[in-house]
Amino acid sequence: MRFKSSIIGMPFLAIILTSSLNLSCISDDNEPEEGACGGNENFPYMEEGNQWTYQLESFFMADAEMTVTIAEPLEPGKFKVLIDSYLIDEPIENIWFSCGENISQMNTATDDPLNNIFRKNDPAIGATWEGINNNEVGKYEVIDKNVTIITDAGSFVCDKITFHIEDAFNVDTIYESSNYGTIKYDGIFLKYELSQKNF
């Protein structure tokens, strides 16, 4: 059996920080209806100025602190996002775009949001979707809901979501809050959890 890291997810640390936010691609079955993009009512944390601070542990490097900041709006539902750590020279820029029941994470404004889904709004237990991570297709699956996760930032009710690449040994687990975003990521090569937020 193989071990696969879910990190992809510039210098190696920059690759880790970018991909640790579960960058993935949506399959055609998950494509939202035309015209559904641009609002963020399904994702209340998608607001300018919101910031998450995570404590990061990785098999490949020393422990670090990572911040994710929604820096500025680009158009309705679309924001520039900065990912930063004291271990890199300058923040990594991404674009987040809410599109119906999904949020896309893009490297540039010209990327197709329908091909870069990394969040879903309130998926049911048993819901699955394919995503690309570490340049390989894997499966996300919601295995539980209403799971309480306690971190230094507080107590959060989360969906418990797994990510697995076929023929790989490891299964990574993501704890996602519908109100606050990613609370905890538990992988064999990468772990992080929310330590602070400003909203």
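Heads up: the structure comes first, above all this text.
Bear in mind the structure is a predicted one, so any value in this text is a computation, not a measurement. (Residues numbered from 1 in each chain as written. Predicted model: local features only at pLDDT ≥ 70, side-chain atom pairs only at ≥ 80, totals over all residues. Heavy atoms only, no water.)

1. A word on the environment of Gln105
Condition: Starting at the N terminus, helices and strands are each numbered in turn, a helix being any DSSP run of H or I of at least four residues and a strand any DSSP run of E of at least two. Per-residue accessibility, obtained with a 1.4 Å probe over protein chains only, is compared with the maximum for each type, and a residue is labelled buried under 20%, exposed over 50%, and partly exposed between these values.
Structurally, Gln105 is set in strand S5 (residues 102–106). A relative accessible area of 2% means that Gln105 is categorised as buried. Expressed as a C-alpha distance, the spacing of Gln105 and Asn94, which sit eleven residues apart in the sequence, is 6.7 Å.

2. Observations regarding the pattern of salt bridges
In plain terms, the rule: By convention in these notes, a salt bridge is any Lys or Arg side-chain nitrogen within 4 Å of a carboxyl oxygen on Asp or Glu.
If you walk through the whole model with that rule in mind, you get seven salt bridges. Salt-bridge contacts for Lys80 lead to Glu93; the nearest nitrogen and oxygen are separated by 3.9 Å. One end of the pair, Lys80, is in strand S3 (residues 78–85); the other, Glu93, is in strand S4 (residues 92–99), and 13 residues separate them in sequence. For Lys80, a relative accessible area of 22% gives the class partly exposed. Where Lys145 meets Asp122, a salt bridge forms, and the shortest distance between an N and an O atom there is 2.9 Å. Residue Lys145 is located in strand S8 (residues 136–151), and its partner Asp122 is located in the loop between strand S6 (117–120) and strand S7 (128–133); the two are separated by 23 residues in the primary sequence. Among the residues examined, Asp122 registers a relative accessible area of 51% and is labelled exposed. Each member of the salt-bridge network shares a partner with another, and the members are Glu72, Lys80 and Glu93.

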